[in-house]
Amino acid sequence: MYGQKKIFGVYGSKANNYKDLLLLFTTNLFIHLSILYDIGIIGGGLAGLANAIQMAKAGLKVILFERQQYPFHRVCGEYISMEALPFLQNELEIDPFEHGAIQLSEFRLTSPAGRQLIVPLDLGGFGISRYTLDELLYQKATEKGVTILQNTIIRQTEKQINHWQLTTHQEQTFEAKTVIAAYGKRTQLDQLWKRRFFQQKSPYIGIKYHIKYAYQPLHQIALHNFQQGYCGISRIEDDKYCLCYLTTRENLRKHQNIAQMEKEVLRKNPFLDHIFDHAEWLYDAPKVINEVSFAPKKLIEQDGILMCGDSAGMIAPLAGNGMAMALHSAKILSKCLIDYQKGDIDQKTMHQNYQKEWKKYFANRLQRGRQLQSFFGSTLLSELLVITTKNLPFLAQKLIKQTHGNIF
Ligand SMILES: Cc1cc2nc3c(=O)[nH]c(=O)nc-3n(C[C@H](O)[C@H](O)[C@H](O)COP(=O)(O)OP(=O)(O)OC[C@H]3O[C@@H](n4cnc5c(N)ncnc54)[C@H](O)[C@@H]3O)c2cc1C
């Protein structure tokens with residue numbers, strides 16, 4: 001275990017005088033009486049679990065806190081870009097295709113008036129439910145020795161002299177040398193830390209179902225536009241489809257409830273109308289999330305907490321790239337942290353390396369995602385987009401490429 005080798009230079013900090021030394025010594029003693037984890041991770045989605053597995057594999061002592069209990073459903077389109085497959089298979093040791101994932105190699109875009117464009121996807125992706133994928137990652141993390149506390153919400157983080165104290169909703173405290181915040185798009189900690197994006201209300205909500213539907217080609221992902229939103233549908237395991245859409249709170253308010261909005265708005269698109277008429281709906285009620293924000297965020301908070309996945313920045317869902325980005329950012333961060341814990345680099349360099357790598361891979365992609373998002377939701381613009389890309393199919397390929405990355 002890397003953390004065990006230090007005696008006075010407690011976890012990278014140095015004592016300048018005897019008083020400091022005594023303080024460091026007693027703190028260190030106290031920490032060892034409880035458990036001091038190398039890494040504490042807040043949130044067990046893709047970013048949190050991928051970090052946990054990587055770091056446990058490197059011999060670090062990792063604790064992860066997850067608000068919910070696995071397995072559980074999440075609002076997500078469940079299309080994962082193929083760029084993430086080698087990382088999943090080779091480094092996280094999970095092969096989604098052994099668990100029913102379906103390859104997706106064709107893209108269909110439709111406009112509210114029923115125009116459509118079908119293009120092959122260069123890199124493509126695969127479909128697997130988060131219910132299955134997150135459960136597989138959770139099992140793997142447990143197998144690698146990660147301590148996972150489910151049904152546990154982290155309410156507070158407090159910096160001590162040379163470690164962090166994390167407090168749960170039940171007032172239990174845990175100590176970790178480094179903290180990763182991988183808690184997704186928005187949580188109470190954002191408010192506590194006064195993160196800027198939290199002050200701005202986001203207009204978007206996400207709604208998801210699992211359905212059975214016999215008319216969607218097996219390897220196709222479709223994106224159906226409607227007034228103030230878009231709806232993705234693609235195959236996942238067990239002959240099921242994930243149907244997930246993003247729209248605005250205003251749209252919902254105008255039509256009073258989800259059923260009414262679907263009837264009066266989504267079903268104006270004839271492709272969606274067909275789905276709503278012919279699908280078998282597998283949930284009792286849709287899964288819903290609100291406050292989906294694509295605003296820029298800071299990568300390091302509270303003078304040292306490392307943000308990863310959606311908590312570091314969320315790409316518009318139509319890009320179909322948020323999951324790959326969450327996994328990729330975890331790959332980058334865990335590499336930086338392992339180098340730091342081994343003593344190869346100091347904390348400042350670790351922070352700089354993470355920021356540099358993150359910007360290199362994601363800053364432009366997030367920006368293009370935001371631009372693309374503005375095309376959707378307006379009936380006129382999405383009609384124009386379908387008409388234009390239908391005549392110039394290379395443009396569609398180019399737009400898709402802009403929001404995707406390379407294999408990592
Ligand atoms: C409508 C919609 C559709 C999408 N469709 C796609 C798609 O098709 N393809 C794609 O690639 N991406 C898609 N995305 C994006 C994708 O879902 C996210 O980018 C991805 O889930 C991010 O992973 P994460 O690990 O950062 O966060 P999450 O997966 O959200 O995980 C965060 C975890 O932290 C936990 N948590 C939160 N707060 C606390 C706390 N205080 N203490 C303990 N635990 C906490 C939560 O319970 C959660 O399990 C979509 C997003 C939306 C909104």
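If you're wondering where the values come from, they're calculated on a predicted model, not measured in any experiment.

S.K.: Teacher, can you tell me more about the overall build of the chain here?
M.R.: Looking only at helices and strands, the chain has 13 helices and 17 strands in total. Its C-alpha atoms give the chain a radius of gyration of 22 Å, within 12% of the compact-globule value 22 Å for 408 residues. The principal-axis extent of the C-alpha atoms belonging to the chain is close to 75 × 40 × 35 Å. Put simply, the chain has 408 residues, and 55% of those count as buried.

S.K.: Where do I start with a nonpolar patch on the surface in this structure?
M.R.: Together, Phe375, Leu380, Leu381 and Leu384 give the surface a local cluster of nonpolar side chains, amounting to about 370 Å² of exposed area. You can see Phe375 is positioned in the loop between helix H11 (347-373) and helix H12 (379-391).

S.K.: Before we go on, may I ask you to explain helix H4 (residues 130-143) in this structure?
M.R.: The α-helix advances 3.6 residues per turn, and as a result positions three or four apart in sequence lie on the same side. The end-to-end C-alpha distance of H4, which contains 14 residues, comes to 19 Å, matching closely the 20 Å that a straight helix rising 1.5 Å per residue would cover. Counting buried residues along H4, ten of its 14 residues qualify, which places the element largely inside the surrounding structure. If you check which residues of H4 are buried, you get Arg130, Thr132, Leu133, Asp134, Glu135, Leu136, Leu137, Tyr138, Lys140 and Ala141. Those residues of H4 that are buried are in contact with helix H2 (46-57), strand E3 (79-81), helix H3 (85-91), strand E6 (147-149) and helix H10 (322-341).

S.K.: Teacher, can you tell me more about the environment of Arg196 here?
M.R.: Within the secondary structure, Arg196 sits in helix H6 (residues 196-199). Separated by 99 residues in the primary sequence, Arg196 and Ala295 place their C-alpha atoms 9.1 Å from one another.

S.K.: Please explain the environment of Ile154 as it appears in this structure.
M.R.: Relative to the assigned elements, Ile154 resides in strand E7 (residues 154-159). In this view, Ile154 contacts Ile42, Phe65, Leu166, Thr167, Thr168 and Leu189; residues no more than four positions away in its chain are not counted.

S.K.: I would appreciate a short explanation of the pairing of strand E10 (residues 204-212) in the present structure.
M.R.: Two faces, one strand: in a regular strand the side chains alternate between the faces of the sheet. Within E10, seven of the nine residues are buried, which leaves it mostly tucked inside the rest of the structure. Bridge count for E10 against strand E13 (residues 241-248) is eight bridges, and the pairing is antiparallel. Its bridge partner lying in E13, Gly206 is registered against Leu246. Two elements, E10 and strand E15 (residues 287-292), share five bridges in a ladder whose sense is antiparallel. Bridging from a neighbouring strand, Gly206 pairs with Ile289 of E15. Judged from the two bridges that link them, E10 and strand E14 (residues 280-281) form a sheet pairing that is antiparallel. Paired with Ile211 across the strands is Trp281, a residue of E14.

S.K.: Help me understand H2, please; the structure alone is not making it clear to me.
M.R.: With twelve residues, H2 extends 16 Å from end C-alpha to end C-alpha; this agrees with the ideal 16 Å at 1.5 Å per step. Counting buried positions along H2 gives eleven out of twelve residues, so the element sits mostly inside the fold. Regarding H2, the residues found buried are Leu46, Ala47, Gly48, Leu49, Ala50, Asn51, Ala52, Ile53, Gln54, Met55 and Ala56. Backbone geometry just after H2 places Gly59 at a positive phi near 95°.

S.K.: How should I be thinking about the environment of Thr349 in this particular structure?
M.R.: Note on placement: Thr349 falls in helix H11. When the C-alpha atoms of Thr349 and Gly100 are compared, they prove to be 41 Å apart, with 249 residues separating the residues in sequence.

S.K.: Whenever I open this one, the nonpolar core confuses me. Can you help?
M.R.: Note that soluble globular proteins tend to have their nonpolar side chains buried in a common cluster. By size, the foremost hydrophobic cluster in this structure holds 79 residues, and its most contacted members are Val62, Leu137, Ile180, Leu327, Leu337 and Tyr354. In terms of residue count, H10 provides more of this core than any other element does, twelve residues in total. When sequence neighbours within four positions are dropped, the list of residues in contact with Tyr354 reads Leu299, Leu306, Met307, Cys308, Ser329, Ile332, Leu333 and Cys336.

S.K.: Just checking my understanding: could you explain the packing of aromatic side chains for this structure?
M.R.: Two aromatic rings are characterised by how far apart their centres lie and by the angle between their planes. Under the criterion given, the structure shown has 14 aromatic pairs. Centroid distance Phe226 to Tyr245: 5.8 Å. Interplanar angle 85°. Geometry classified as edge-to-face. Of this pair, Phe226 sits in strand E11 (residues 220-226) while Tyr245 is found in strand E13, placing the two residues 19 residues apart along the sequence. For Phe226, a relative accessible area of 1% puts it in the buried group. Look at Tyr245 and you get buried, because its relative accessible area is 2%. Relative to Phe362, the ring of Trp358 lies with its centre 5.5 Å away and its plane at 65°, an arrangement referred to as edge-to-face. With Trp358 and Phe362 both in helix H11, this residue pair falls four residues apart, about one helical turn. No difference in accessibility class separates Trp358 from Phe362, as the two residues are buried. Within the aromatic cluster, the residues linked to one another by ring pairs are Tyr70, Phe72 and Tyr138. The ring of Tyr283 carries Lys287 above its face, with NZ or CZ at 4.8 Å from the centroid.

S.K.: Sorry, what's going on with the pairing of E7 here?
M.R.: Inspection of the sheet shows E7 paired to strand E8 (residues 164-168) by five bridges, in the antiparallel sense. Opposite Ile154, over in E8, you have Thr168 as the bridge partner. In textbook terms, the turn of a hairpin is the stretch between consecutive antiparallel strands, and for E7 and E8 this stretch comprises four residues.

S.K.: Explanation requested: the packing of H12 against helix H13 (residues 393-403) in the structure shown.
M.R.: Working note: a packed helix pair is described by the angle between its axes plus the distance between those axes. Axis separation between H12 and H13 bottoms out at 4 Å; the angle between their running directions is 115°. It follows from the interaxial angle that H12 and H13 lie roughly perpendicular. Contact residues: Leu385, Thr388, Thr389, Lys390 and Asn391 in H12; Pro393, Leu395, Ala396 and Leu399 in H13. Its residues assigned to classes, the contact of H12 with H13 comprises five nonpolar, three polar and one charged.

Rules and cut-offs
Residues numbered from 1 in each chain as written. Predicted model: local features only at pLDDT ≥ 70, side-chain atom pairs only at ≥ 80, totals over all residues. Heavy atoms only, no water. Helix = DSSP H or I, 4+ residues; strand = E, 2+ residues; numbered from the N terminus. Rg over C-alpha atoms; globule rule 2.2 N^0.38 Å. Buried < 20%, exposed > 50% of the residue type's maximum accessible area, 1.4 Å probe, protein only. Patch = residues over 30% accessible without salt bridge, like charges linked within 9 Å, V, L, I, M, F, W, Y side chains within 5 Å. Areas by Shrake-Rupley, 256 points an atom, 1.4 Å probe, with all protein chains shown as cover. Salt bridge = Lys/Arg side-chain N within 4 Å of Asp/Glu carboxyl O. Expected span 1.5 Å × (residues − 1). Contact = heavy atoms within 4.5 Å. Pairing = 2+ DSSP bridges. Core = buried A, V, L, I, M, F, W, Y, C linked by side-chain atoms within 4.5 Å. Phe/Tyr/Trp six-rings, centres within 6.5 Å; stacked < 30°, edge-to-face > 60°. Lys NZ or Arg CZ within 6 Å of the ring centre and 35° of its normal. Axes fitted to C-alpha atoms, helices over the stretch in contact; angles between N-to-C directions. Parallel < 35°, antiparallel > 145°, perpendicular 65-115°, else oblique. Nonpolar A, V, L, I, M, F, W, Y, C, P; charged D, E, K, R; others polar.

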